[in-house]
Amino acid sequence: MDVLLEIQGLSKNFGGLKALSNVDITLKPKEILGVIGPNGAGKTTLFNCINGLYRPDSGVIRFEGRPIQALGPDRIARLGIARTFQNIELFANMRTMENIMLGRHVHMRTGIFRGAAMWGRRSFAGREERAHRLTVETIIDLLGLQAVRDKLVGGLPYGTQKLVELARALALEPRLLLLDEPCAGMTAEEKQDMIFWIKDLQDELGVTILLIEHDMRMVMDISDRILAINFGRPIALGAPEAVRRHPDVLEAYLGKQERREPAA
Amino acid sequence: MIPAYYHTIMTFTCINILLSLSIGVLAGYAGQVSLGHAAFMAIGAYASAMLTVTFKVSFWLAMPAAALVSAMVGLLLGVIALRLKEDFLAITTMGLNFIVIGVLLYAPYFGKALGIGDIPVPMLFGEEMGRGMYTALCLALVAGVVAAVWWLQRSWIGLAWRGIREAQDVAQVMGVNIAKFKIFAFVISTAIAGIAGSLYAHFLLFITPYDFGFPLSIQILTLAVLGGLGAIRGPVLGAILLTILPEYLRFIQDYRMLTYGLLLVLVMMYQPQGLFGHKSFLTEGLKRLFGGEEKIRGRAA
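Everything quoted here is computed from the prediction, not taken from an experiment.

Turning our eyes to something else, we now look at the overall build of chain B. If you tally the helices and strands in chain B, you get 13 helices and 2 strands. In terms of overall size, chain B behaves like a compact globule, its C-alpha atoms giving a radius of gyration of 19 Å where 301 residues would be expected to give roughly 19 Å. Dimensions of chain B along its principal axes, counting C-alpha atoms only, are 55 × 50 × 40 Å. For chain B, the proportion of its 301 residues judged to be buried stands at 50%.

Our focus in this paragraph is the overall build of chain A. Along its length, chain A carries 9 helices and 10 strands. Long-range contacts, defined as pairs at least 24 residues apart, comprise 66% of the intrachain contacts of chain A with a sequence gap of at least 6.

Below, the discussion takes up the sheet that holds strand β1 (residues 5-14) of chain A. The pairing of strands in a sheet happens through backbone hydrogen bonds and is either parallel or antiparallel. Residues and elements named next belong to chain A. Here we have 4 strands laid out as an open sheet, ordered β2-β1-β4-β5, and antiparallel in their pairing. Where the open sheet ends on each side, the last strands, each with one partner, are β2 (17-27) and β5 (66-67). Where helix α1 (residues 43-50) meets the sheet, it contacts β1, β2 and β4 (58-63), and its direction lies at approximately 65° from that of β2.

Residue and element names in this part refer to chain A. Ordered by their spatial adjacency, 6 strands build an open sheet running β6-β7-β8-β3-β9-β10, and the pairing between neighbours is mixed. In this open sheet, the two strands that pair with only one neighbour each are β6 (81-83) and β10 (233-238). Here the strands of the sheet are splayed against their neighbours by 20° on average, with no regard to which way each runs. Relative to strand β8 (residues 208-212), strand β3 (residues 32-36) is paired through 4 bridges, and the arrangement is parallel. Across the sheet, residue I32 finds its bridge partner in β8, namely I209. Set on the sheet, α1 makes contact with β3, β6, β7 (176-180), β8 and β9 (225-230); between it and β7 the angle comes to about 150°.

As a further point, take the interface of chain B and chain A. The partner chain A presents 29 residues to the 22 residues of chain B that form the contact. Secondary structure elements with two or more residues in the side of chain B that touches chain A: α5 (131-153), α6 (156-166) and α7 (168-173) of chain B. Grouping the amino acids of the side of chain B that touches chain A by side-chain chemistry returns 13 nonpolar, 5 polar and 4 charged.

The next subject is unusual backbone geometry. Residue and element names in this part refer to chain A. Of note, E173 is a non-glycine position whose phi angle comes to about 50°, a positive value. In this structure, E181 takes a positive phi of about 50° despite not being glycine. On the secondary structure map, E181 appears in the loop between β7 and α6 (188-205). Accessibility expressed as a C-beta count within 10 Å gives 19 for E181, which makes it partly exposed.

For the rest of this paragraph, the subject is the domain arrangement of chain B. The domains assigned to chain B are domain 1 (4-270) and domain 2 (277-301). Just the C-alpha atoms count here: the centres of domain 1 of chain B and domain 2 of chain B sit 29 Å apart.

A pair of packed helices is captured by two measures, namely the crossing angle of their axes and the spacing between those axes. Residue and element names in this part refer to chain B. Where helix α3 (residues 59-81) meets helix α8 (residues 178-204), the closest approach of the two axes is 7 Å, and the angle between their N-to-C directions is 145°. α3 and α8 meet at a crossing whose hand is right-handed. Considered class by class, the residues forming the contact of α3 with α8 number 18 nonpolar, 9 polar and 1 charged.

Membership of the largest hydrophobic core comes to 167 residues, with the highest contact counts inside it found for A167 of chain A together with L18, M41, A42, A185, I195 and A196 of chain B. If you tally residues by element for this core, the top one is α8 of chain B, at 16 residues. Each residue touching M41 of chain B, except ones within four places of it in the same chain, is listed here: L19, A193, A196, G197, Y200 and F212 of chain B.

Looking now at the domain arrangement of chain A. Size of an interface: often given as the accessible area lost when the parts come together. For chain A, the assigned domains read domain 1 (1-80 + 174-264) and domain 2 (90-171). Residue assignment for the side of domain 1 of chain A that touches domain 2 of chain A shows that the elements contributing at least two residues are α2 (73-79) and α6 of chain A.

This part covers the pairing of β9 of chain A. Residues and elements named next belong to chain A. Here β3 pairs with β9 via 4 bridges, running parallel. Residue pairing for β9: I36 is matched across the bridge by A228. As judged from the 5 bridges shared by β9 and β10, these two strands associate in the antiparallel manner. In the sheet register, L227 faces β10, and the bridge partner there is L237. Hairpin connection, β9 to β10: the antiparallel pair is bridged by 2 residues, and F231 has positive phi, about 45°.

Moving on, we get to the packing of helix α1 (residues 4-29) of chain B against α5 of chain B. All names here are of chain B. Put simply, α1 and α5 touch, their axes get as near as 9 Å, and they point 20° apart. Between α1 and α5, the interaxial angle falls into the category roughly parallel. At the point where α1 passes α5, the crossing takes the left-handed sense. For the pair α1 and α5, the contacting residues are A4, H7, M10, T11, C14, I15, I17, L18, L21, V25 and Y29 in the first and R131, G132, Y134, T135, C138, L139, V142, V145, V146, V149 and Q153 in the second. A breakdown of the residues in the contact of α1 with α5 according to their chemical character gives 16 nonpolar, 5 polar and 1 charged.

A few words now on helix α9 (residues 214-227) of chain B. All names here are of chain B. Its 14 residues place the ends of α9 20 Å apart at the C-alpha level, agreeing with the 20 Å of an ideal helix rising 1.5 Å per residue. Most of α9 sits inside the fold, with 10 of its 14 residues counted as buried. After α9 finishes, the residue G228 shows a positive phi value of roughly 125°.

All names here are of chain A. In this sheet, β4 lies alongside β1 in antiparallel orientation, the contact comprising 5 bridges. When the bridges of β4 are listed, Q8 appears paired with V60. When β1 meets β2, the two strands line up antiparallel, connected through 7 bridges. Looking across to β2, one finds that N13 is bridged to K18. Linkage of β1 to β2, two consecutive antiparallel strands, is achieved through a turn of 2 residues, within which G15 is found at a positive phi near 60°.

Here we take up the confidence of the model for chain B. Residue and element names in this part refer to chain B. A residue-level look at chain B finds 93% of positions with pLDDT of 70 or above and a mean pLDDT of 85. Mean pLDDT values for the elements of chain B range from 44 in helix α13 (residues 292-300) up to 94 in helix α2 (residues 38-53). When the criterion is pLDDT under 50, residues 292-301 qualifies, and its contacts beyond four places in sequence or with other chains add up to 3 contacts.

Here the focus is α1 of chain B. All names here are of chain B. An ideal rise of 1.5 Å per residue puts 38 Å on 26 residues; α1 measures up with 36 Å between its terminal C-alpha atoms. Most of α1 is tucked away, with 19 of its 26 residues classed as buried. Positive backbone phi, at 75°, marks G31, one or two positions downstream of α1.

Conventions used here
Residues numbered from 1 in each chain as written. Chains lettered and ligands numbered in written order. Predicted model: local features only at pLDDT ≥ 70, side-chain atom pairs only at ≥ 80, totals over all residues. Helix = DSSP H or I, 4+ residues; strand = E, 2+ residues; numbered from the N terminus. Rg over C-alpha atoms; globule rule 2.2 N^0.38 Å. Buried ≥ 20, exposed ≤ 12 C-beta atoms within 10 Å, placed from the backbone. Contact = placed C-beta atoms within 7 Å. Pairing = 2+ DSSP bridges. Axes fitted to C-alpha atoms, helices over the stretch in contact; angles between N-to-C directions. Nonpolar A, V, L, I, M, F, W, Y, C, P; charged D, E, K, R; others polar. Domains from an automatic or database assignment. Left-handed = near helix turned anticlockwise from the far one by under 90°. Core = buried A, V, L, I, M, F, W, Y, C linked by C-beta atoms within 7 Å. Parallel < 35°, antiparallel > 145°, perpendicular 65-115°, else oblique. Expected span 1.5 Å × (residues − 1). pLDDT = per-residue confidence, 0-100.

Below is the structure:
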């Protein structure tokens, strides 16, 4: 079977807290896997382990058959894994264009001297740089960011910043994209747009996506499969409908007696 | 014939521009604040002076060598800086300033408190360079360094530096090798400071460790911060302003440090992006004056 990402027995502790224990995930190419779970369940920790911000205490993470759990974030980015963050992490004092350009960093010939090739002005840009610019412009067009192309991202509306973050991750031309709550804090309309973009990415660019999302309707709608975790342990994995009806999932979200808001 | 007084001011302005650019690259681009940059000027000045005085090397070889020696120490600091962040790095660089001054003061090899004298005037075409020629050399070096920094700023390296300054972890997630780019910023910055030190030594022809103390480090930082960190414009204009202004304000010479301090406080309070920084009142005013707004927009489009 064709496997893009394979996680086996992944565990991560913070002091006495078991943030992740014994998580197994197998991700096929072009698949969208939704990760759900209550706050503090370990979803973001999972992302941080995959893209190298955390070093797991035990377990193996293989990307295209290669173990990556001991590599740093920059090396992992080079392999083709990009991500967005739960709380927007943009380069606030840089323009939209520059933010997305920095997403192309791994494709630059960043040997110190060769890396000093011009990118600022079209006339000076070499053939390679022109190609990069074209890619960035394509992404800007795709996500409809033309109007904010030369604006500082710090001052952009929240939903637009979320899109810029997605654009920056796309600029890396990732084979695996980790989206950490791409719709959090968005209006209903912005959410619809985001769902549209994400489906588009899967269909047209063939990107494999691991998605954390609290909006149940959205995550059910968009994911091929869903993984539910609670207290760092996987409690259900399978088709969206099946996971939603899984008794452990219902319990994790609704509790045994008191009823709580699932989208909290 | 331009009086010698003006040559002196111009030469010092050039040296200050170089120092200011040096901090601009390190703090403005890569976001690594140095409170001890006078140390690298000292290293450049002493390397250049000792090579020419003790080893009779030509100035034209000694100056690049001074940049190299300074950059080597900068490389070392860069490696150390990888383990330090913000305040801790600032304090460490400050310590480095004291260490360098200490070594120069107490090691007999470096002439102790008396420093090094009889530094030769650079030779050009078999003759000693006149003041005018020396000023021209300084201006040429400033032009060269400005061009180099501009080139770096426009490059992928500059973009990566700014990413590190803005959010180091995020830059790393985008694939930026933090260690490589930080160390490179230290090397470039300290090489520039080394050149400034060499120019200083061969202009005054007599240097002592006291020339490169901690107050000078603060002044260097002031030049760049006051002008506006991050762009070439800020550090260059800041250095020009702060070198020439005191000449016209001779009567407050005794209060120079006080004025520096006051200026810093006021600028940081009301123009934290620097006098010539992005959207500062001076930049906006100048733009309006020359109608540059349209031109700048046109170029960006």
